[in-house]
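Reading the structure
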Amino acid sequence: MCTIVPISQTVGANRIVPTIAIPHPLGNPSKTPEEEKILRRSLVERALKALQTEITEQTVFTE
Amino acid sequence: MAFRIVHYINQFYAGIGGEEKADYKPEIRTGVVGPGMAFKGALKGEAEIVATVICGDSYFASNMDEAASAIIDMIREYKPDAFIAGPAFNAGRYGTACGAMCEAVSKEFGIPVISGMYPENPGVEMYRKHAWIVETPDSAAGMRKAVPAMAKLVLKLLKGEAVGRPSDEGYIERGIRKNMFYEKLAAERCVDMFVSKLKGETFETEYKMPVFDRVDPQPAVKDMKNAVIALVTSGGICPKGNPDHIEASSASKFGEYDITGVNDLTSETYCTAHGGYDATYADQDADRVLPVDVLRDLEKEGVIGKLHNKFYTTVGNGTSVANAKRFGAEIVNRLVNDGVTAVILTST
C-alpha cells in the first residue's frame, strides 16, 4: 500500500494498492475520525482483495 | 623495493584437494602457491607475493567470522601493501570467501584489496562495494585473461595511479560516483545523449539507475477467514519514544513490536521515527500509516482469521537497498516461522 505507485513498481512490488498521501497513506486528516476510518477500511479491504486475487504480473488495484 | 602482496586461495587452487578437502582450516605459507606463480610473472617484479593464505571453501562458509579473524592475524606479520583474493571465477563459496576476506582486510589494514570473479558469482553482489573485483570468465580456463588484468589493476592501486571507469579498467562497478569536469555542459551532453537515443545509436549514461530484482507473484490467499495477516511498514511507526532508536534516515535496523491486545494506535502510545515526511499526522494517529484499528475490526468480524501479534517497522528514508534487503529477508524469516499467511506492507 503506497502513495507513489511508480516507486513500488520500480522496486518490484507485485500487488499494489494506491493510497491517499505520503504522510498519511491510510488516512485523511481533513475528514472526521469516523469518515477517516471508513476510508481506511475501504483501502485495507482493497488490500485483502488484492491478496485474494491470482496475478501473473505486477498489478495495481485501483478498485 | 617491491610492494608486498598477500594472496588468498582455496584448497583446490592450492592443490590440496577438491570438495572432500573443502573443510580445510586456514593456513599461511610464505611465498607463492598455485595461481600465485602466474601473478609473479604478471607483476613484473614491481610487487611480490610474500605469503599465500589457503582456506577450504566450506570451512570459510561455515565459520566466516572466525576464519576471517584468524586469517587477519596470520596476515599481519607479513605487512602487506595489497591483498589479492582468487580469482574465483563462478565458484560461489570461493567468491564469497574472497569477497569477505577483501572486506575484512580492507577494514583492518586499509590497503587495496582486489579479486576476480564472473559477474554472476554471488560474491559480486555481496562485496563489489568493498573490493575491486575484476570481471573474469566463468571458469578457470580464463585464468590467463584474469591474472594480467588483476595484476595491472593492483599495480595501479599500489602506485596510487588514478583508476578509470569500470568499462575502461575491466573491474565490476562498485557504485562509486566521481565528480568529473567536461568541456561540454551537462545540458549539452544530455541532449547529445537523447539525440543518440532517438537515432538508435549507442550511448552511455553518466549515472546508472540501480537494478532492482524481481520476485514471482505469490499465489492468492485462498482462505482469508483463517489467514494470519501481518503488518509491516517502512513508515517508521513505533512505540512512542522510539525505544530501539531506529534512525530517522538511512536506517540500519528494523523494529519488531508486540501488539497483543492493542486495538487502536493513539498519540499517547505510538509515533513515527521517520524523518523524511511531515510526522504530524502519523504522530496524531499512527493508524494512518499502520492500520491496526481496521484490522482489529476485520479480525473481530471474522473477515480475516487473525492479525499477527507482532508488527515490523523500519524507516524507508535514504535507506540503502542492501540494508532494506537484509531487513526484508530477516523479517520474512520470522513471519514464516510464526505461521503468517500474508502481509500488508505500508509505505509512506
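Use the structure listed above.
Residues numbered from 1 in each chain as written. Chains lettered and ligands numbered in written order. Predicted model: local features only at pLDDT ≥ 70, side-chain atom pairs only at ≥ 80, totals over all residues. Heavy atoms only, no water.

**Things to note about the overall build of chain B**
As a reminder, the rule being used: Per the convention used, a helix needs a DSSP run of H or I reaching at least four residues, while a strand needs a run of E reaching at least two, with both numbered from the N terminus. Atoms counted for the radius of gyration: C-alpha only. Globule rule: 2.2 Å times the number of residues to the power 0.38. Exposed residues in this analysis have more than 50% of their type's maximum accessible area, buried residues have under 20%, and partly exposed residues fall in between, with area computed by a 1.4 Å probe over protein chains only. Whether two residues touch is decided by their heavy atoms; if any such pair falls within 4.5 Å, the residues are in contact. Positive charge is attributed to Lys and Arg, negative charge to Asp and Glu, and no charge count is given to His or to the chain ends. In plain terms, the charge of a residue is placed at NZ if it is Lys, CZ if Arg, CG if Asp and CD if Glu.
When helices and strands are tallied, chain B shows eleven helices and 13 strands. Over its C-alpha atoms chain B spans a radius of gyration of 26 Å, topping by over 25% the 20 Å that the globule rule assigns to 348 residues. Taking the principal axes of the C-alpha coordinates as reference, chain B spans close to 75 × 60 × 40 Å. Counting all 348 residues of chain B, 45% fall into the buried class. Within chain B, counting contacts between residues at least 6 apart in sequence, those at least 24 apart form 73% of the total. For chain B, the centre of its 39 positive side-chain charges and the centre of its 47 negative side-chain charges are spaced 5 Å apart.

**Description of the sheet that holds strand β2 (residues 27-30) of chain B**
By way of backbone hydrogen bonds, the strands of a sheet pair with one another, either parallel or antiparallel. Residue and element names in this part refer to chain B. This is how the line gets drawn: At least two bridges found by DSSP between two strands are what make those strands a pair. Where helices are involved, their axes are fitted lines through C-alpha atoms of the stretch in contact, as for all axes, and angles between N-to-C directions lie from 0 to 180°.
Read across the open sheet, the six strands follow the order β2-β3-β1-β4-β5-β6; overall the sheet is mixed. Each end of this open sheet is capped by a strand with a single partner; those strands are β2 and β6 (132-135). When strand polarity is set aside, the average angle formed by the axes of neighbouring strands in this sheet is 25°. Bridging between strand β1 (residues 3-10) and strand β3 (residues 47-55) involves eight bridges; their strand directions are parallel.

**A word on the pattern of salt bridges**
A side chain of one charge can pair with a side chain of the opposite charge if their charged atoms are brought near each other. Heads up, the rule is: By definition here, a salt bridge exists when the distance from a side-chain nitrogen of Lys or Arg to a carboxyl oxygen of Asp or Glu is within 4 Å.
Summed over the entire model, instances satisfying the criterion amount to 22 salt bridges over all chains. A salt bridge links Asp293 of chain B to Arg40 of chain A, with the nearest nitrogen and oxygen atoms 2.6 Å apart. A residue pair is termed interchain when its members come from two chains, as with Asp293 of chain B in helix α10 (residues 292-300) and Arg40 of chain A in helix α2 (residues 33-51). Each member of the pair, Asp293 of chain B as well as Arg40 of chain A, carries the same accessibility label: buried. Between Arg165 of chain B and Asp168 of chain B there is a salt bridge, with the nearest N and O atoms lying 3.8 Å from each other.

**Observations concerning unusual backbone geometry**
All names here are of chain B. Following Gly86, the chain continues into Pro87 via a peptide bond in cis, with omega recorded as 10°. Here Pro87 shows up in strand β4 (residues 82-89). The backbone phi angle of Phe89 is positive, close to 50°, even though this residue is not glycine. With respect to the helices and strands, Phe89 occurs in strand β4. With relative accessibility at 1%, the residue Phe89 sits in the buried group.

**Points about the interface of chain B and chain A**
Our working definition: Using a 1.4 Å probe, buried area is obtained as the accessible area two parts lose upon being combined, added over both of them. For this analysis, a polar contact is any N or O atom pair within 3.5 Å, provided that within protein one partner can donate a hydrogen and the other can accept it, and provided that sequence-adjacent residues contribute only side-chain to side-chain pairs. We call Asp, Glu, Lys and Arg charged. Ala, Val, Leu, Ile, Met, Phe, Trp, Tyr, Cys and Pro are nonpolar, and the rest, Gly among them, are polar.
Facing 37 residues of chain B, the contacting portion of chain A comprises 31 residues. Carbon and sulfur atoms supply 61% of the area buried between chain B and chain A, which totals about 2700 Å² over both sides. The three residues of chain B that bury the most area against chain A are Pro217, Arg288 and Val294 of chain B, which together make up 21% of that side's buried surface. The interface formed by chain B and chain A contains six salt bridges. Close ionic contact of Glu301 of chain B with Arg41 of chain A constitutes a salt bridge, the shortest N to O distance being 2.6 Å. For the pair chain B and chain A, the interface holds 14 residue pairs in polar contact (both at pLDDT 80 or more). A breakdown of the residues in the side of chain B that touches chain A according to their chemical character gives 22 nonpolar, four polar and eleven charged.

**Considering helix α8 (residues 186-198) of chain B**
Applied cut-off: Expected span of a helix, by definition, is 1.5 Å for each gap between consecutive residues, and there is one gap fewer than residues.
Between its terminal C-alpha atoms α8 of chain B stretches 18 Å, which fits the 18 Å expected from 13 residues at 1.5 Å a residue. Of the residues one or two after α8 of chain B, Gly200 of chain B is the one with positive phi, at around 75°.

**Considering the packing of aromatic side chains**
Residues and elements named next belong to chain B. The condition is simple: Between rings of Phe, Tyr and Trp, where Trp is taken as its six-membered ring, a pair exists when centres lie within 6.5 Å; planes separated by under 30 degrees are stacked, by over 60 edge-to-face, and by other angles tilted. Working rule: Lys NZ or Arg CZ, within 6 Å of ring centre, within 35 degrees of ring normal, means a charge sits over the ring.
Within this structure, the stated rule accounts for eight aromatic pairs over all chains. Ring centres of Trp132 and Tyr171 lie 4.9 Å apart, and the angle between their planes is 85°; this geometry places the pair in the edge-to-face category. With Trp132 in strand β6 and Tyr171 in the loop between α7 (166-169) and α8, this pair connects stretches of sequence that are 39 residues apart. By relative accessible area, Trp132 is classed as buried at 16%. Residue classification places Tyr171 among the buried positions, given a relative accessible area of 10%. On the numbers, 5.8 Å between centres and 65° between planes, the contact of Phe254 with Phe327 is edge-to-face. Here Phe254, found in the loop between β8 (237-239) and β9 (255-258), pairs with Phe327, found in helix α11 (residues 321-337); they are 73 residues apart in sequence, far enough to count as distant. For the pair Phe254 and Phe327, a shared accessibility class is recorded, and that class is buried. Here the basic side chain of Arg174 rests over the ring of Trp132, its NZ or CZ set 4.5 Å away from the ring centre.

**With respect to the environment of Ile237 of chain B**
As for its placement among the helices and strands, Ile237 of chain B is situated in strand β8. Beyond its immediate sequence surroundings of up to four residues, Ile237 of chain B is in contact with Leu265, Tyr270, Cys271, Thr272, Tyr277, Ala282, Ala286, Val289, Leu290, Phe311 and Thr313 of chain B.

**Focus: the nonpolar core**
All names here are of chain B. To be explicit about the condition: Grouping buried Ala, Val, Leu, Ile, Met, Phe, Trp, Tyr and Cys residues that are joined through side-chain atoms within 4.5 Å yields what is termed a nonpolar core.
Counting residues in hydrophobic clusters, the biggest one holds 61 residues, and the most contacted among them are Ile5, Tyr8, Leu43, Phe60, Phe83 and Met101. Per-element tally for this core: the top contributor is helix α6 (residues 143-158), with ten residues. Other than its neighbours up to four places away in sequence, Leu43 contacts Ile5, Ile49, Ala151, Val154 and Leu155.

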